[in-house]
Amino acid sequence: MHDLRALRADPDGFDADLKRRGEPAVAQALLLLDHDRRAAETALQELQARRKQISKEIGMMRKSGADSSALEAEVAGAKARMEELQTRADDLDSQISGTLERLPNRLDAGVPEGADESANVEVHQNGTPREFPFAPREHFELGEALGMMDFETASRLSGARFVVLRGQLARLERALGQFMLDLHTGENGYEETAVPVLVNNDAMYGTDKLPKFADQSFRTEDGRWLIPTAEVPLTASVAGQILPGAVLPRRLVALSSCFRSEAGAAGRDTRGMLRQHQFQKVEMVSITTPEESDAEHERMTRCAEMVLEKLGIPYRRMLLCAGDTGFGAAKTFDLEAWLPGQKAWREISSCSTTRDFQARRMNARYRPAEGKPAFVHTLNGSGLAVGRTLIAVMENYQNADGSITVPDVLRPYMGGVEVIRAA
């Protein structure tokens with residue numbers, strides 16, 4: 001989570017980073033707890049050494065027939081005191097860990113100031129939004145008119161924020177996922193990985209989803225969690241390991257179902273597929289060295305951009321401000337696709353570097369060519385969110401009669417279908 005040595009060395013800098021996120025100062029309180037814990041540990045070590053010495057003296061006295069009762073009483077007292085000190089040290093350690101695990105990652109110096117998404121900074125834009133000779137419709141209007149997007153049936157089956165896709169739209173969603181996987185594995189050097197969608201507490205904690213985001217995830221009766229993203233099992237796959245430096249960077253990609261409770265999202269994007277409890281996403285994860293993580297972040301973001309470029313979807317890259325950067329991220333680029341039906345840019349990918357924040361939580365390290373093992377850096381990015389990409393394709397490739405032209409790169413995955421029309 002956080003390096004206490006860095007906090008001791010620069011408590012003001014630690015608090016300044018928290019302030020950028022709107023968090024209160026905690027350094028002095030943590031340092032006081034740390035001081036008391038270290039004092040308890042030192043006293044415990046001194047007592048252990050004293051007890052060991054006394055035990056030797058008792059043995060010598062017994063051999064010589066001398067009375068050792070006073071020393072034996074001291075040993076008994078030392079044992080009780082040691083138990084007290086151990087309990088205190090453990091309690092202080094729990095207090096420190098409990099505070100640290102709830103603190104967000106330290107931000108990269110280049111993250112702009114700002115309280116919310118209005119302060120995000122556009123890095124660049126690719127493509128020009130299409131001019132329509134008719135009023136473009138939103139994806140759910142198109143999908144329902146085609147008879148291929150069914151929210152009513154999904155609601156009867158599962159409740160709000162679910163959808164049933166049918167026919168060529170269901171195939172188009174599948175085509176998008178396959179196209180993304182083929183691109184990332186064939187051109188971008190990622191290893192395709194099939195992952196479980198149920199994970200344990202350790203996997204969620206190590207990837208900073210617990211305890212912070214427990215209310216945004218679904219939990220089973222046996223205590224496991226439905227993954228909010230394949231980032232969780234992909235990144236946690238290296239937990240507790242010391243990787244050879246020669247195998248880094250390790251680049252993994254998975255297409256999986258994802259599940260989010262959308263706590264706090266009441267009233268937001270209630271129509272359509274933008275904000276669902278269950279959705280498909282292609283997730284990229286990189287495990288790398290500290291020296292290479294910034295370059296890897298740029299590389300990963302470019303990999304996500306390539307998907308949109310090949311699909312011909314206008315997008316812009318946004319550098320998130322301090323107040324909009326996620327809990328575990330040190331720096332994040334969002335890609336926003338143009339949705340002509342909404343007449344708005346909407347997030348379709350988020351690519352983040354967490355530096356060693358997750359690695360510390362899950363004790364993931366690597367062994368460099370020289371020196372001691374060090375924490376890896378982990379990165380994650382959507383490559384892309386499949387449902388949102390389906391929305392972008394539908395709205396950008398819609399025709400006046402309500403049909404949808406299939407982008408050229410997807411036609412091989414669609415059996416040559418060029419236009420999706422109502423049956």
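Residues numbered from 1 in each chain as written. Predicted model: local features only at pLDDT ≥ 70, side-chain atom pairs only at ≥ 80, totals over all residues. Heavy atoms only, no water.

If you look the chain up in an unreviewed UniProt entry, it shows as Serine--tRNA ligase from Komagataeibacter oboediens. Within the UniProt record for the chain, the comment given under Pathway (unreviewed entry) is "Aminoacyl-tRNA biosynthesis; selenocysteinyl-tRNA(Sec) biosynthesis; L-seryl-tRNA(Sec) from L-serine and tRNA(Sec): step 1/1." Per its UniProt entry, the chain bears the Function (unreviewed entry) comment "Catalyzes the attachment of serine to tRNA(Ser). Is also able to aminoacylate tRNA(Sec) with serine, to form the misacylated tRNA L-seryl-tRNA(Sec), which will be further converted into selenocysteinyl-tRNA(Sec)." (UniProt positions renumbered as here; feature names shortened; annotations may be inferred.)

(A) Examining the pairing of strand β10 (residues 315-319) more closely. Counting buried positions along β10 yields 5 of 5 residues, so the element is predominantly enclosed. The alternating pattern of β10 places Y315, R317 and L319 and R316 and M318 on opposite faces, both of which are buried. Bridge analysis of strand β1 (residues 121-126) against β10 gives 5 bridges, and the strand direction is antiparallel. Residue pairing in the sheet places E122 in a bridge with M318 of β10. Relative to strand β11 (residues 331-339), β10 is paired through 5 bridges, and the arrangement is antiparallel. Residue pairing in the sheet places R316 in a bridge with E336 of β11. (Buried < 20%, exposed > 50% of the residue type's maximum accessible area, 1.4 Å probe, protein only. Helix = DSSP H or I, 4+ residues; strand = E, 2+ residues; numbered from the N terminus. Pairing = 2+ DSSP bridges.)

(B) The state of the cysteines, seen in detail. For the coordinates displayed, the defined rule picks out 0 disulfides. Unpaired in this structure, C258 has its nearest cysteine sulfur neighbour in C351, at a distance of 14 Å. By relative accessible area, C258 is classed as buried at 1%. Between C321, a cysteine without a disulfide, and C351, which holds the nearest cysteine sulfur, the sulfur-to-sulfur distance is 17 Å. When its relative accessible area of 0% is taken as the criterion, C321 is described as buried. (Disulfide = S-S within 2.5 Å.)

(C) Molecular detail of the UniProt feature "binding site: L-serine" (unreviewed entry) in the chain. Here, UniProt's "binding site: L-serine" (unreviewed entry) annotation points to T229, A230, E231, E283 and S382. On the basis of their most widely separated C-alpha atoms, the annotated residues across 154 residues gather in one place, lying no more than 9.5 Å apart. Position of A230 relative to the elements: it lies in the loop between β6 (225-226) and α9 (231-236). Note on A230: relative accessible area 1%, which makes it buried. For A230, the residues in contact, after removing those within four places along its chain, are V195, A254, S256, C258 and E283. Relative to the elements of secondary structure, E231 occurs in helix α9. Contacts of E231, omitting those with residues within four sequence positions, involve T207, K209, A236, E283, V285, Q358 and N380. Separated by 2.9 Å, the side chains of E231 and K209 make a polar contact. (Contact = heavy atoms within 4.5 Å. Polar contact = N/O pair within 3.5 Å; in protein donor to acceptor, adjacent residues only side chain to side chain.)

(D) Highlighting the packing of helix α5 (residues 139-146) against helix α12 (residues 386-396). Following both chains from N to C, one finds α5 and α12 inclined at 80 degrees, their axes separated by 9 Å at the closest point. With respect to α12, the axis of α5 lies roughly perpendicular. Contacts between α5 and α12 pair H139, L142 and G143 from the former with I391, M394 and E395 from the latter. (Axes fitted to C-alpha atoms, helices over the stretch in contact; angles between N-to-C directions. Parallel < 35°, antiparallel > 145°, perpendicular 65-115°, else oblique.)

(E) Region of interest: the pattern of salt bridges. In total, this model carries 31 salt bridges according to the counting rule given. Ionic pairing is found between R38 and D34, a salt bridge with its closest N-O pair at 3.6 Å. Of this pair, R38 and D34 both sit in helix α3 (residues 27-64), 4 residues apart, roughly one helical turn. Its salt-bridge partner being R251, residue E296 comes within 2.7 Å of it at the nearest N-O pair. Placement of the pair is E296 in helix α10 (residues 293-311) and R251 in strand β8 (residues 250-259), with a sequence separation of 45 residues. One network of salt bridges, with partners in common, ties together R8, D34, R37, R38 and D93. (Salt bridge = Lys/Arg side-chain N within 4 Å of Asp/Glu carboxyl O.)

(F) Just the environment of V409, in detail. Considering the arrangement of structural elements, one finds V409 in the loop between β16 (404-405) and β17 (419-420). Given the relative accessible area of 29%, V409 is considered partly exposed. Placed 97 residues apart in sequence, V409 and G312 show a C-alpha to C-alpha distance of 9.5 Å. Those residues in contact with V409 that sit more than four places away from it in its chain are F179, K310 and L311.

(G) Local environment of the side chain of S293. As for its placement among the helices and strands, S293 is situated in helix α10. The buried category is assigned to S293, whose relative accessible area is 1%. Not counting the four nearest positions on each side in its chain, S293 is found in contact with T288, R355, H377 and L379.

(H) Highlighting the sheet that holds strand β7 (residues 242-244). Spatially, the 3 strands line up as an open sheet ordered β7-β13-β14, and their pairing is mixed. Edge positions in the sheet fall to β7 and β14 (374-375), since each has one partner strand and no second.

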